[in-house]
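# Commentary on secondary and tertiary structure
Listed below are the residues making up each chain.
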Amino acid sequence: MADAQACKVYVGNIDWKITRDELKDHMASAGEVVFAEVFEQDDGRSKGAGIVEYSTAEAAQKAIATLNDTELGARPLFVREDRGSSKGKGKDKDKDKGKGKDREKGKGKGKGRGKRSDPADEGRLLYVGNLPFRASRQDVQDVFKEAGNVVRVDIAEGPDGRSKGYATVLYETEDEAKSAIEKLNGNDFQGRPLTVRMETFD
């Protein structure tokens, strides 16, 4: 079992349009791929993450060393060791577990930031949680513009200028904002499942 586990890698930040076969072909440059899977939502859409199993542990290590940050489709892949085959489901559970915390955090810290409380933005402004700290505003915009016309992205920062791990994204229309929640909530972004919901206006 341990050997089989050592042969697997977790691949995140996969472009939605990429198929299992395309992923397999790309990852084959590191060694013989036995199996490739792209996790899907209930409606069949890609979650932007998957698992690739190699014939040897050495090939899996080579994939991590040589294929992390390589481009497939319109995004750079995130490749690391697989930490358990239940990952596709487990991540969703973790996401749900942390959602309440994220929600409170977003509400509490959001108050007092004038940019986030304009009533005219209600219905078009999204809260985006569980962001990797290294994600830039441009990284977030590139992912969210796939769902519609992004007016503005604001990443919350601490006094030291570092990301706090959440942001707001403003769309031109309510429909685009709703579409982004459907497409992106729970999807992998640089190795983490995103929390995407409407921003609340108290």
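Looking at an unreviewed UniProt entry, one finds the protein chain named RRM domain-containing protein and attributed to Prorocentrum cordatum.

Turning next to helix α2 (residues 20-27). For α2, the complete set of buried residues consists of Leu23, His26 and Met27. Taken around the axis of α2, the buried residues stretch over an arc of 90°, which confines them to a single face. With respect to the buried face of α2, the exposed residues turned more than 90 degrees away are Asp21 and Asp25.

Okay, the confidence of the model for the protein chain next. With 81% of its residues at a pLDDT of 70 or more, the protein chain shows a mean pLDDT of 82. Every residue in residues 85-116 scores below 50 in pLDDT, and together they form 50 contacts with partners more than four places removed in sequence or on other chains.

Now for the sheet that holds strand β7 (residues 125-129). Taken in spatial order, the four strands make up an open sheet running β8-β9-β7-β12, and their pairing is antiparallel. Strands at the two margins of the open sheet, each flanked by one partner only, are β8 (150-157) and β12 (195-198). Taken over all neighbouring pairs, the strand axes of this sheet differ in orientation by 20° on average, direction set aside. In this sheet, β12 lies alongside β7 in antiparallel orientation, the contact comprising four bridges. The partner of Tyr127 across the bridge, within β12, is Arg197. Sitting on the sheet, helix α6 (residues 174-184) touches β7, β9 (163-171) and β12, and the angle it makes with β12 is about 155°.

Scoring rules and cut-offs
- Residues numbered from 1 in each chain as written.
- Predicted model: local features only at pLDDT ≥ 70, side-chain atom pairs only at ≥ 80, totals over all residues.
- Heavy atoms only, no water.
- Buried < 20%, exposed > 50% of the residue type's maximum accessible area, 1.4 Å probe, protein only.
- Helix = DSSP H or I, 4+ residues; strand = E, 2+ residues; numbered from the N terminus.
- Arc of directions from axis to C-beta.
- pLDDT = per-residue confidence, 0-100.
- Contact = heavy atoms within 4.5 Å.
- Pairing = 2+ DSSP bridges.
- Axes fitted to C-alpha atoms, helices over the stretch in contact; angles between N-to-C directions.

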